[in-house]
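Structural overview
Next come the chains, spelled out residue by residue.
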Amino acid sequence: MTYRNSSAELEAGSPDRKKRRRVVINLSNCRYRVIHEAALKLNWVVTKDDKSDFDLYWTDTSVSEERVLKLKKAQRINHFAG
């Protein structure tokens, strides 16, 4: 059985191959090393700078409503506000 555009058929220079942007995770409020290790294992970019652009904001504590309102459309957070 063959599949069109299977991963074996796609080569780095192939026009069908999409270049994926790496996920950026902000761990500035995360004290657990396992989260950092998991992000690296997933080949994500880890930042601890609150001013940098990120895709996912990971925190160990509750999140203020203000923080949630500042998120851009494509940004996500691992906690609910409150």
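Just above, that's the structure.
Residues numbered from 1 in each chain as written. Predicted model: local features only at pLDDT ≥ 70, side-chain atom pairs only at ≥ 80, totals over all residues. Heavy atoms only, no water.

**Observations concerning the overall build of the chain**
Using the following cut-off: Secondary structure elements are defined from DSSP: runs of H or I of at least 4 residues count as helices, runs of E of at least 2 residues count as strands, and each element is numbered from the N terminus. Relative accessibility thresholds used throughout: buried, under 20% of the residue-type maximum; exposed, over 50%; partly exposed, between the two (1.4 Å probe, protein chains only). By definition, residues are in contact when any of their heavy atoms lie within 4.5 Å.
Helix and strand counts for the chain stand at two helices and four strands. In sequence order, the secondary structure elements of the chain are arranged as β-α-β-β-α-β. Among the 82 residues that make up the chain, the fraction classed as buried is 22%. Put simply, of all contacts in the chain between residues at least 6 apart along the chain, 27% involve residues at least 24 apart.

**Some points on the layout of surface pockets**
Put simply, the rule reads: Computed over the protein atoms alone on a 1 Å grid, cavities are sets of points where a 1.4 Å probe fits but cannot get out and pockets are open sets with protein on both sides within 12 Å along at least five of seven lines; a residue lines them when it has an atom within 4 Å of a point. Grid points are joined across faces, edges and corners, and a volume is the space filled by probe spheres set on the points. Each residue is assigned to one of three groups, with Ala, Val, Leu, Ile, Met, Phe, Trp, Tyr, Cys and Pro labelled nonpolar, Asp, Glu, Lys and Arg labelled charged, and all others, Gly among them, labelled polar.
In this structure, the largest pocket encloses a volume near 160 Å³. In terms of lining residues, the largest pocket is bounded by Asp50, Lys51, Ser52, Asp53, Phe54, Arg67, Lys70, Leu71, Lys72 and Gln75. Class assignment of the residues belonging to the lining of the largest pocket gives a composition of two nonpolar, two polar and six charged.

**A closer look at the packing of aromatic side chains**
Let me state the cut-off plainly: Only centres within 6.5 Å qualify two rings of Phe, Tyr or Trp (six-membered ring in Trp) as a pair; their planes then separate them into stacked at under 30 degrees, edge-to-face at over 60, and tilted for everything else. For a lysine, the NZ atom is tested; for an arginine, the CZ atom; a charge sits over a ring if that atom is within 6 Å of the ring centre and within 35 degrees of the ring normal.
With the rule as written, the count across this model stands at one aromatic pair. Seen in terms of ring centroids, Phe54 and Tyr57 are 5.7 Å apart; in terms of plane orientation they differ by 45 degrees. Their pairing is tilted. Above the face of the Tyr57 ring, Arg67 is positioned so that its terminal group lies 4.1 Å from the ring centre.

**Some details on the pairing of strand 1 (residues 24-29)**
We count it as follows: In short, DSSP must find at least two bridges between two strands for them to pair. By convention, orient the strands away from the viewer: a clockwise path from the first strand over the helix to the second makes the crossover right-handed.
Two elements, strand 1 and strand 2 (residues 45-47), share three bridges in a ladder whose sense is parallel. The residue bridging Val24 from the neighbouring strand is Val45, located in strand 2. Following the chain from strand 1 across helix 1 (residues 33-41) to the adjacent parallel strand 2, one finds a crossover that is right-handed. Sheet topology note: the strand 1/strand 3 (residues 56-59) ladder contains three bridges and is parallel. Each bridged residue has a counterpart across the sheet, and for Asn26 the counterpart in strand 3 is Tyr57.

**Remarks on unusual backbone geometry**
Here Asn43, not a glycine, exhibits a phi torsion of approximately 65 degrees, which is positive. With respect to the element layout, Asn43 can be found in the loop between helix 1 and strand 2. Here Asn43 falls in the partly exposed class, since its relative accessible area comes to 47%.

**Description of helix 1**
For the record, the criterion: Directions drawn from the helix axis to the C-beta atoms are what define this arc.
Along helix 1, the positions that sit buried rather than exposed are Ile35, His36 and Ala39. End-on view of helix 1: buried residues confined to an arc of 100 degrees, all on one side of the axis. Across from the buried face of helix 1, at angles greater than 90 degrees, the exposed residues are Arg33, Val34 and Lys41. Against strand 1, strand 2 and strand 3 lie the buried residues of helix 1. Once helix 1 finishes, Asn43 follows within two positions and takes phi at roughly 65 degrees, a positive value.

Distances and angles like these do not, on their own, reveal function.
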